[in-house]
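Understanding the architecture of this molecule
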Amino acid sequence: MENSYTYRIPSDLEKAVVPGCRVLVHFGKKRYYTAIVFHIHEHAPDQTYETKEIYALLDTSPILRRPQLRFWEWIASYYLCRLGDVYKAALPSGLKLESETQVACKDDFEAVIPLRPGEQSVLDALATRAKLSLSELEKQTGLRHVVPVVASLLARGAVEVSEELKKGYAPRMQTFIRLTDAYRNEDRLQEAFDSLKRAPKQEALLLCYLDLSRALNPQLSKEIAAKELLEHSGCLSSVLDGLLKRGVLERYEKEVGRLQQPVCRIQPLSKLSDAQDQAYSEIHEVFKTKDVCLLHGVTSSGKTEIYAHLANDALKNGRQVLFLLPEIAITTQITGRLAKLFGEKLLVYHSGFSDNERVEVWNKLLYEKGPMIVLGVRSSLFLPFRDLGLVIVDEEHENTYKQQDPAPRYHARNAAIILANMHGGKTLLASATPSVDSFYNAVMGKYGLVELKVRHGDCLMPEIAIADIQTLRRKKIMKNTLFSPLLVQKINEALEQGEQVILFQNRRGFAPVMECRSCGWVPHCLNCDVSLTYHKYHNRLECHYCGYATPLPGHCPQCRHTDLKMLGFGTEKIEEEAGELFPAARIERLDFDSARSRSACERILSDFEKGKTQILIGTQMLSKGLDFGNVTVAGILNADSLMNFPDFRAHERAYQLMAQVSGRAGRRKDKRGTVVLQTSQPEHPLIRMVQTFAYREMVDLQLSERSMFRYPPYYRLIVLVLRCRQEEVLREMAALYAGKLRARLGERVSDPLTPPVTRVQNFHIKKIFLKIEATAAIAPVRGILEEVYAEMQSYLPFKQLWIHYDVDPV
């Protein structure tokens, strides 16, 4: 099998090793890895091939189910990647026992000068501990790609590396207290109390234990943790030690789960409105003849209630449900709602969990047989489902469902349909602004289509008011401000009424560009072909591609002039100006910088939901399905930046973002919301479509353009991404590569194109686009790609290139 390796099974393990089990294998000269057994056979390899023996068996039973293995193979085949890439993405790190590279400073590292970008960050991190793994270095330094930096330091003799076996999942153990066998009857307990007359604290602790544990009533007794006992009794651990020495109580260790169980009372499902009930019935009708249904429901139409009823139906039939969300930020709000409905049947899974927590979710699905609903992001697809009856993909249009780096670069929406099909289950795609591809599939009959055109509770769609900022600036009405008079007026009105406001700008930081007024110098990243963004909170310039950062210079390094001006604006600048305009309001910012951790994101959203925050400023994280009933005003501060982007999906994305942000406003029955959309192109057709919520018109226009220029959904797009440190080598090899592909695939292959950002992490980039007919099978295309790749291997300069495929890019 491709991308797999053959190992010999030791005689003592022949009956124990089965497909789906983990084994520890020796790979290379010094490294050990956890491998998954895919297939067992009796065909010995060629005599010239030395077959290594499996080092150890890690499982007594498989940790993967057969549908998972088939799903992995489909991912690898369709997305043109290795099976090993899928394995690395699918299996939680806690289930992998393997060698890990450890990095340490050499004693004489101070001699290494001058330092290159990122090197000082690595050395500072290593100064805090004797050794750090590569993953730990990435977390501590904030560098997205730490390996090249370590390699540079290694070559210059500043650091040394070693291999150590990384520990896997460790069960969480807790100490519990119980009566010893000798004191489990009332007579002996009375003797114990008699002996404690002169030890009142021990006597009080024993009484507290009996009260908490109800140990004398077997039908009501429960286990008591040592920590819980000491907290309730108010005693010190030395008092407990006294009872342990007397032999009255004893300690024992027990494995306890890390997963937080809902403690709320289970509530019945809400009664659906007439419109919701009709949509719910129509979805059931669609599922009688089709495997996939698209629910096109306007914002605040109550789609989540319909999801809950559909999930409940699947659970009643003893099947499992996967509820996919595009962003971790949304999981907090919706988890609370689902926990009240499904209690212990609900499991949550995403990258914000620790490795050990993810393993426990995995094991619960693997070993427990009851119906469950899993709420998670795209990585949830790889969990060991037993019988998946329904997959719900909420906000199915979101591009965060597409994995970018590293491989496998899969699209969770499309992969979810395949996964559900493998289990004989159904898939519900849902959005207020479905992707053009999904809507096309629904209109053409490949998917079913159900529409929900009214907001829940008779709420009106928000009024969208256009602020022509070009005219306002020309007339000097808007001068040195980001806020139009209309937006300021609407925010003030909302704050006076005790209502809340959302402000949207899809750019983080303070200013995307800085420029010297005297000579025009602009600070650029040393590793990438982009300008550095100014982050005022940290007072530094940062690259949003590689993580490179440098302090803000006090003067221009070219002409020494001190007058540096800022061009453009991000969420930090909006936050600062909003604080000046509305000093009485509490303002928070929700973007990648302010919500890096799960707890920070949860706090920001919780404070806004409880009304502690009046104005919430954010990037596209704000547009992804959040539900706040008291928001009456939404402001889109720069619609132009969303539309003016060199991508065939730019207008589709711009419409979706603006419509979704608009949908956060006016979710109350008693008051219509207002959206202020600031633009310098008020007559642009897309602005008019957003203003009138003309989704179908936007789709029709996009489909006509894509049909003309051979773009999805009429053609499948495959992008070959070529990277090389040597620009000339890249140019020559890319042209040769494209020529060989064109000889086999004709006009389906483009010339090598240079992307808007031409260099990232010191790698120059070229892209070759393949436009393949949507009806064509991908297997023959894969064969041609592999054939041409093999031919290119004969060219020595080609070995300097890094290549990957991006199937169905977003």
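We now turn to the structure provided with this report. (Residues numbered from 1 in each chain as written. Predicted model: local features only at pLDDT ≥ 70, side-chain atom pairs only at ≥ 80, totals over all residues. Heavy atoms only, no water.)

**Points about helix 15 (residues 436-443)**
The condition that has to hold: The buried label applies to any residue whose accessible area, calculated with a 1.4 Å probe on protein chains only, is under 20% of its type's maximum; exposed applies above 50%, and partly exposed to all values in between. Only DSSP runs of H or I reaching four residues or more are called helices, and only runs of E reaching two or more are called strands; each is numbered from the N terminus. Between two residues, a contact is recorded if the distance between any of their heavy atoms is within 4.5 Å.
Counting buried positions along helix 15 gives seven out of eight residues, so the element sits mostly inside the fold. For helix 15, the complete set of buried residues consists of V436, D437, S438, F439, Y440, N441 and A442. Buried residues in helix 15 make contact with strand 10 (292-297), helix 14 (412-422), strand 15 (426-431), strand 16 (448-452), helix 21 (650-662) and helix 23 (695-708).

**With respect to the nonpolar core**
The nonpolar side chains of a soluble globular protein tend to be buried, and buried together. Selection criterion: Here, the term nonpolar core denotes a set of buried Ala, Val, Leu, Ile, Met, Phe, Trp, Tyr and Cys residues that are joined through side-chain atoms within 4.5 Å.
Counting 154 residues, the largest nonpolar core has M658 and L770 as the members making the most contacts within it. It is helix 24 (residues 727-745) that contributes the most residues to this core, eight residues altogether. Look past the residues within four positions of L770 in its chain and what remains in contact with it is R716, L717, I718, L720, L741, L745, R748, V749, V781 and L785. Counting 24 residues, the second largest nonpolar core, distinct from the first, contains L210, L229, C235 and L244.

**Let's talk about the sheet that holds strand 8 (residues 224-225)**
Put simply, the rule is: Only strands that DSSP links by at least two bridges are regarded as paired with each other. The angle between two axes is taken between their N-to-C directions and runs from 0 to 180 degrees, where each axis is a line fitted to C-alpha atoms and a helix contributes only its stretch in contact.
Pairing is antiparallel in the open sheet, where three strands are placed in the order 8-7-9. The sheet is open, and its two edges are formed by strand 8 and strand 9 (249-255), each paired on a single side. Pairing analysis gives two bridges linking strand 7 (residues 173-179) to strand 8, with the strands arranged antiparallel. Bridging across to strand 8, F176 finds its partner in A225. Helix-sheet contacts for helix 7 (residues 200-213) involve strand 7, strand 8 and strand 9, and the interaxial angle to strand 7 is about 105 degrees.

**Overview of the packing of helix 21 against helix 23**
Quick reminder of the rule: Note on angle classes: values under 35 degrees are labelled roughly parallel, values over 145 roughly antiparallel, values of 65 to 115 roughly perpendicular, and the remainder oblique. Helix crossings get a hand from a simple test, with the near helix turned counterclockwise from the far one by less than a right angle marking a left-handed crossing and a clockwise turn marking a right-handed one. Each residue gets one label: Ala, Val, Leu, Ile, Met, Phe, Trp, Tyr, Cys and Pro are nonpolar, Asp, Glu, Lys and Arg are charged, and the others, such as Gly, are polar.
Look at helix 21 against helix 23: their axes get within 10 Å of each other, and the N-to-C directions meet at 165 degrees. The angle between helix 21 and helix 23 falls in the class roughly antiparallel. Of the two elements, helix 21 crosses helix 23, and the hand of that crossing is left-handed. Facing H651, E652 and Y655 of helix 21, the residues of helix 23 in contact are Y695, M698, Q702 and R706. For the contact of helix 21 with helix 23, the class distribution of residues is three nonpolar, two polar and two charged.

**Regarding the pattern of salt bridges**
Selection rule: Whenever Lys or Arg places a side-chain nitrogen within 4 Å of a carboxyl oxygen from Asp or Glu, that contact is recorded as a salt bridge.
As enumerated under the stated definition, the model contains 40 salt bridges in all. For R706, the salt bridge identified is with D437, shortest N-O distance 3.7 Å. A residue pair is termed long-range when its members are at least 10 positions apart, and R706 in helix 23 and D437 in helix 15 qualify at 269 residues. Exposure class is identical for R706 and D437. Each is buried.

**Details of the side chain of E499**
Tracing the backbone shows E499 in the loop between helix 17 (485-496) and strand 18 (500-504). The residues contacting E499, other than those within four sequence positions of it, are A494, Q614, N630, T632, R668 and K671.

**A word on the packing of helix 3 (residues 119-126) against helix 4 (residues 134-141)**
Where helix 3 contacts helix 4, the axes come no closer than 10 Å and their chain directions differ by 110 degrees. As judged from the angle between their axes, helix 3 and helix 4 are roughly perpendicular. Residues S121, V122, A125 and L126 of helix 3 pack against L137, Q140 and T141 of helix 4. Considered class by class, the residues forming the contact of helix 3 with helix 4 number four nonpolar, three polar and no charged.

**Re empty space enclosed by the protein**
Left-over empty space is what a probe sized like a water molecule reveals as it rolls over the atoms. Using the following cut-off: In this analysis a 1.4 Å probe is tested at points of a 1 Å grid over the protein atoms alone, and where it fits but cannot get out there is a cavity; an open set with protein on both sides within 12 Å along at least five of seven lines is a pocket; lining residues have an atom within 4 Å of a point. Grid points are joined across faces, edges and corners, and a volume is the space filled by probe spheres set on the points.
The final tally for this structure, using the stated rule, is one cavity of 30 Å³ or more. Each pocket or cavity is described by its volume, and for the largest cavity that value is around 40 Å³. Lining the largest cavity are P67, Q68, F71, L381, F382, L383, F385, L419 and H423. Of the residues contributing to the lining of the largest cavity, the split by class is seven nonpolar, two polar and no charged.

**Some points on the sheet that holds strand 27 (residues 674-679)**
In sheet architecture, strand pairing relies on hydrogen bonds along the backbone and comes in two forms, parallel and antiparallel. Strand order across the open sheet formed by six strands is 17-27-26-18-25-24, with parallel pairing between neighbours. Both outer strands of the open sheet, strand 17 (463-468) and strand 24 (587-590), are each paired with one neighbouring strand and no more. If you compare each strand with its neighbour and ignore which way they point, the axes differ by 20 degrees on average. Where strand 24 meets strand 25 (residues 615-618), four bridges bridge the pair, whose relative direction is parallel. For I587, the partnering residue across the bridge sits in strand 25 and is I615. Each of strand 18, strand 24 and strand 25 touches helix 18 (residues 571-581); the most contacted strand, strand 24, lies at about 175 degrees to it. On the sheet, helix 21 packs against strand 17, strand 18, strand 26 (631-636) and strand 27 and is oriented at approximately 155 degrees with respect to strand 26.

**A look at the side chain of D593**
Of note, D593 is situated in the loop between strand 24 and helix 19 (598-609). Setting aside residues no more than four positions away along its own chain, D593 makes contact with R508, G509 and H535.

**Some words on the pairing of strand 14 (residues 388-394)**
Applicable threshold: Call a crossover right-handed when, viewed with both strands pointing away from you, the route from the first strand across the helix to the second goes clockwise.
For strand 14, the tally of buried residues reaches seven of seven residues, placing the bulk of the element in the interior. By the bridge criterion, five bridges tie strand 11 (residues 320-324) to strand 14 in an arrangement that is parallel. Residue pairing in the sheet places Q320 in a bridge with L388 of strand 14. Summarising the sheet, strand 14 and strand 15 pair through five bridges and their orientation is parallel. Counterpart to D394 in the pairing with strand 15 is A430. After leaving strand 14, the chain enters helix 14 and then returns to the sheet as strand 15, a path that is right-handed.

Just geometry here; none of it tells us what the structure is for.
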